[in-house]
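# Understanding the architecture of this molecule
Okay, here's what each chain looks like letter by letter:
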Amino acid sequence: MSVDKQTVAKIASLARLKMGDEELERMVPELNNILEWVEQLGEVDTSQVEPMTAVIPNALRLRADEVDADPKTGGNRRDDILANAPAAEHGFFGVPKVIE
């Protein structure tokens with residue numbers, strides 16, 4: 001697959017990029033090189049390769065989920081927090097209705 005000057009102009013138009021004729025001419029070989037590289041990647045046999053989410057293996061470092069870990073922000077403070085709310089309803093923050 002290769003692109004020509006008209007194709008580059010259309011891509012630039014879709015991307016809302018203003019490009020002159022000289023810039024369009026410069027982009028034609030660059031885009032063709034990128035497309036050749038992508039075609040080369042398609043030729044590689046990856047049937048024996050497992051899919052991965054990252055290049056390096058990483059594991060999440062999890063902490064223990066403790067409700068009362070901090071006395072200022074820990075659990076059992078609902079009434080103190082809701083005392084600052086302009087409207088509290090049934091133990092939750094009251095907010096205006098958005099969807100009718």
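Preceding this section is the structure that the text describes.
Overview of the structure.

### Describing a nonpolar patch on the surface
On the surface, a nonpolar cluster with roughly 410 Å² of combined accessible area is contributed by Ile34, Trp37, Val38 and Leu41. Among the structural elements, tryptophan 37 can be located in helix α2 (residues 21-43). With relative accessibility at 52%, the residue tryptophan 37 sits in the exposed group.

### Looking at α2
Compared with an ideal rise of 1.5 Å per residue, which puts 23 residues at 33 Å, α2 spans 34 Å between its outermost C-alpha atoms and is within 8% of the ideal. For α2, the set of buried residues is Leu24, Val28 and Asn32. Residues of α2 that are buried sit in contact with α1 (5-14).

### A few points about the pattern of salt bridges
Within this structure, the stated rule accounts for 2 salt bridges. In this structure, the salt-bridge partner of lysine 5 is aspartate 21, at a minimum N-O distance of 3.6 Å. Of this pair, lysine 5 sits in helix α1 while aspartate 21 is found in helix α2, placing the two residues 16 residues apart along the sequence. Residue classification places lysine 5 among the partly exposed residues on the basis of a relative accessible area of 25%. For lysine 5, the salt bridge goes to glutamate 25, with nearest N and O atoms at 3.6 Å. Highlighted residues: lysine 5 in helix α1 and glutamate 25 in helix α2, separated in sequence by 20 residues.

### Structural notes on the environment of serine 2
Within the secondary structure, serine 2 is located in the segment before α1. Classification of serine 2 by relative accessible area gives exposed; the value is 57%. Between the C-alpha atoms of serine 2 and aspartate 21, which are 19 residues apart in sequence, the distance is 18 Å.

About the cut-offs
- Residues numbered from 1 in each chain as written.
- Predicted model: local features only at pLDDT ≥ 70, side-chain atom pairs only at ≥ 80, totals over all residues.
- Heavy atoms only, no water.
- Patch = residues over 30% accessible without salt bridge, like charges linked within 9 Å, V, L, I, M, F, W, Y side chains within 5 Å.
- Areas by Shrake-Rupley, 256 points an atom, 1.4 Å probe, with all protein chains shown as cover.
- Salt bridge = Lys/Arg side-chain N within 4 Å of Asp/Glu carboxyl O.
- Helix = DSSP H or I, 4+ residues; strand = E, 2+ residues; numbered from the N terminus.
- Buried < 20%, exposed > 50% of the residue type's maximum accessible area, 1.4 Å probe, protein only.
- Expected span 1.5 Å × (residues − 1).
- Contact = heavy atoms within 4.5 Å.

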